[in-house]
Amino acid sequence: MFRSLFIYLSKAAWARKLVTHWKFAWRAASRFVAGETLDDAIRVIQRLNQKGINATLDHLGEHTTDLESARRAAQEIIQILEAIMSSGVRANVSIKLTQIGLSLDEGVCRDNLQIILQKAVATNNFVRIDMEDSSCVDVTLRLFHQMRHEERFENVGIVIQSYLYRSEEDIHQLSQECSPVRLCKGAYKEPPQVAYPRKTDVDASYDRLAKILMDGALAAGCPAVSQDGRLPPIVALATHDERRINFARDYARRIGLSKGSLEFQMLYGIRRDLQENLAKDSVPVRVYVPYGSEWYPYYVRRLAERPANLWFFISNFFRK
Ligand code: FDA
């Protein structure tokens, strides 16, 4: 109920207009958002890198409503790749296809994606395509496959959500192709026709899919995270759930998958203790670092995940 309400609010234009006018709302959101500018985000990443943690940078924005904004969003991503190269930080990039025009025109989105991937090749970097709601999954996978197999870009990865029934089949295919996959639970409100409604089933699915990915990585003798921290291994497990993390680490040990071939990913501002402890244990950790002025839907999805975050939001209202 709480989750559904907040996921509805994350998409409601009236709520976005209201909340983004409140100064204290930005103060609360900045716990999860690195800042409004690319320079802010690079400074945050430098601090993470000092702790042995890699990053993936996301310029916030989704469901762009006109072609010019989609083109500008693609250019901003190109600037991120340049900034990573010039600053020398250990980071790659995450993008959303609806940010670069998916909901407007698939062809425009493909062209923008291709330009971004060419820049990633030129800067020796990697781009992860985030997964959005279930209506986007088919087209997102189609564009990913086109880029990876027809256009032969090796520096692109995808995200799979364990709450979707279809994901097991998708993971089998991606794993056979040795495609880099980030596995997450899924952050959107989905109907029971497409996604497990119960958290226990989502968690069980997560462990099952993680095993398939790890078996695939082992069979393919897949490489570890690159020396410069930019190219991830084939398996990236994105979760703050310690049970899932412990399960995966145990399974990797049992089958003999090396430490460097399994990366854990977490969101900026969530479970910093866990991020730092894993990094101290020489486990590859990557933090998802979002920045920009379009923070509203991202932030409200974080509220949806954890009711306790709402108290933090409210307490900011009372702070001077
Ligand atoms: P779960 O929700 O069970 O939480 C486990 C524990 O983590 C909680 O008990 C709490 O301690 C902590 N926690 C989790 N969320 C928190 C929050 N918001 N605030 C404070 N503590 C919190 N989704 C998607 O649909 N498409 C995508 O492309 C991505 N990409 C992505 C990248 C990365 C790096 C991460 C970590 C996550 C995503 N997600 C995502 C989001 C993902 O689907 C999911 O919604 C969140 O990670 C929360 O789920 P957990 O796996 O952490 O488990």
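Basis of the calculations
- Residues numbered from 1 in each chain as written.
- Predicted model: local features only at pLDDT ≥ 70, side-chain atom pairs only at ≥ 80, totals over all residues.
- Heavy atoms only, no water.
- Near = heavy atom within 4 Å.
- Polar contact = N/O pair within 3.5 Å; in protein donor to acceptor, adjacent residues only side chain to side chain.
- Areas by Shrake-Rupley, 256 points an atom, 1.4 Å probe, with all protein chains shown as cover.
- Helix = DSSP H or I, 4+ residues; strand = E, 2+ residues; numbered from the N terminus.
- Nonpolar A, V, L, I, M, F, W, Y, C, P; charged D, E, K, R; others polar.
- Domains from an automatic or database assignment.
- Buried < 20%, exposed > 50% of the residue type's maximum accessible area, 1.4 Å probe, protein only.
- Pairing = 2+ DSSP bridges.
- Salt bridge = Lys/Arg side-chain N within 4 Å of Asp/Glu carboxyl O.
- Contact = heavy atoms within 4.5 Å.
- Buried area = accessible area lost by both parts, 1.4 Å probe.
- Right-handed = clockwise from strand over helix to strand, strands pointing away.
- Axes fitted to C-alpha atoms, helices over the stretch in contact; angles between N-to-C directions.

Enquirer: Explanation requested: the site of the ligand in the structure shown.
Expert: Taken together, 24 residues are adjacent to the ligand, and G186, K199, T239, H240 and E305 come closest. K199 is positioned such that a nitrogen or oxygen atom in its side chain is 2.6 Å from an oxygen atom of the ligand. A distance of 2.7 Å separates an oxygen atom of the ligand from a polar atom in the side chain of H240. Burial of the ligand by the protein amounts to 87% of the accessible area it has alone, namely 930 Å². The set of elements that each furnish at least two residues to the shell around the ligand consists of β4 (156-161), β5 (181-184), β7 (262-267) and α12 (296-305). With 3 residues, the single largest contributor to the shell around the ligand is β7. The class makeup of the residues in the shell around the ligand is 10 nonpolar, 6 polar and 8 charged. Split by domain, the shell around the ligand shows at least three residues from each of two domains, domain 1 (1-33 + 295-320) and domain 2 (34-288).

Enquirer: What is the right way to look at the pairing of strand β1 (residues 54-59) in this model?
Expert: On a regular strand, one side chain projects to one face of the sheet and the next to the other, so that they alternate. For β1, the tally of buried residues reaches 6 of 6 residues, placing the bulk of the element in the interior. Alternating positions in β1 separate into two faces, N54, T56 and D58 on one and A55, L57 and H59 on the other, with burial throughout. Judged from the 6 bridges that link them, β1 and strand β8 (residues 285-291) form a sheet pairing that is parallel. Paired with A55 across the strands is V287, a residue of β8.

Enquirer: It is not clear to me how the pattern of salt bridges should be interpreted in this structure. Could you clarify?
Expert: Side chains bearing opposite charge may pair, as long as their charged atoms lie close to each other. This model, assessed by the stated rule, comprises 27 salt bridges. The salt bridge partner of R43 is D40, with a shortest N-O separation of 2.9 Å. With a gap of 3 residues between them, R43 and D40 both fall in helix α4 (residues 38-50), about one helical turn apart. Of the residues examined, R43 reaches a relative accessible area of 44% and is grouped as partly exposed. The exposure class assigned to D40 is partly exposed, which follows from its relative accessible area of 22%. A salt bridge links D138 to R166, with the nearest nitrogen and oxygen atoms 3.0 Å apart.

Enquirer: Before we go on, may I ask you to explain the domain arrangement of the protein in this structure?
Expert: Accessible area lost upon the coming together of the parts is a frequently used measure of interface size. For the protein, the domain assignment lists domain 1 (1-33 + 295-320) and domain 2 (34-288). Here the C-alpha centre of domain 2 lies 24 Å away from the C-alpha centre of domain 1. Facing the 14 residues of domain 1 at the interface are 17 residues of domain 2. For the pair domain 1 and domain 2, the summed buried area comes to about 1,400 Å², and 57% of that belongs to carbon and sulfur atoms. The three residues of domain 1 that bury the most area against domain 2 are V33, Y298 and R301, which together make up 37% of that side's buried surface. With a shortest N-O distance of 3.0 Å, R301 and E62 are connected by a salt bridge. Considering every element that reaches the side of domain 1 that touches domain 2, the biggest residue donor is α12, with 5 residues. A class-by-class count of the residues in the side of domain 1 that touches domain 2 yields 7 nonpolar, 2 polar and 5 charged.

Enquirer: I tried to follow the pairing of β7 on my own but got confused; where do I start?
Expert: With 6 of its 6 residues buried, β7 lies for the most part within the structure. Residue alternation in β7 divides its side chains into two sets, L262, F264 and M266 and E263, Q265 and L267, and both sets are buried. Relative to β7, strand β6 (residues 235-238) runs parallel, the two sharing 4 bridges. Its bridge partner lying in β7, L237 is registered against F264. In terms of handedness, the path from β6 via helix α10 (residues 242-255) over to β7 forms a crossover that is right-handed. Here β7 runs beside β8; their pairing, made up of 4 bridges, is parallel. Along β8, the bridge assignment pairs L267 with Y288. In this view, the connection linking β7 to its parallel neighbour β8 by way of helix α11 (residues 272-280) has right-handed handedness.

Enquirer: Where do I start with the sheet that holds β4 in this structure?
Expert: Note: strands within a sheet are paired through backbone hydrogen bonds, in either parallel or antiparallel orientation. The strand order around the closed barrel formed by 8 strands is β1-β2-β3-β4-β5-β6-β7-β8, and the pairing between neighbours is parallel. Direction aside, neighbouring strands of the sheet carry axes that sit 30° apart on average. Relative to β5, β4 runs parallel, the two sharing 4 bridges. In the sheet register, I158 faces β5, and the bridge partner there is V181. Against the sheet, helix α6 (residues 106-122) touches β2 (91-95), β3 (127-129) and β4, its axis set at about 150° to β3. The sheet contacts of α11 involve β7 and β8, and relative to β7 the element is tilted by about 155°.

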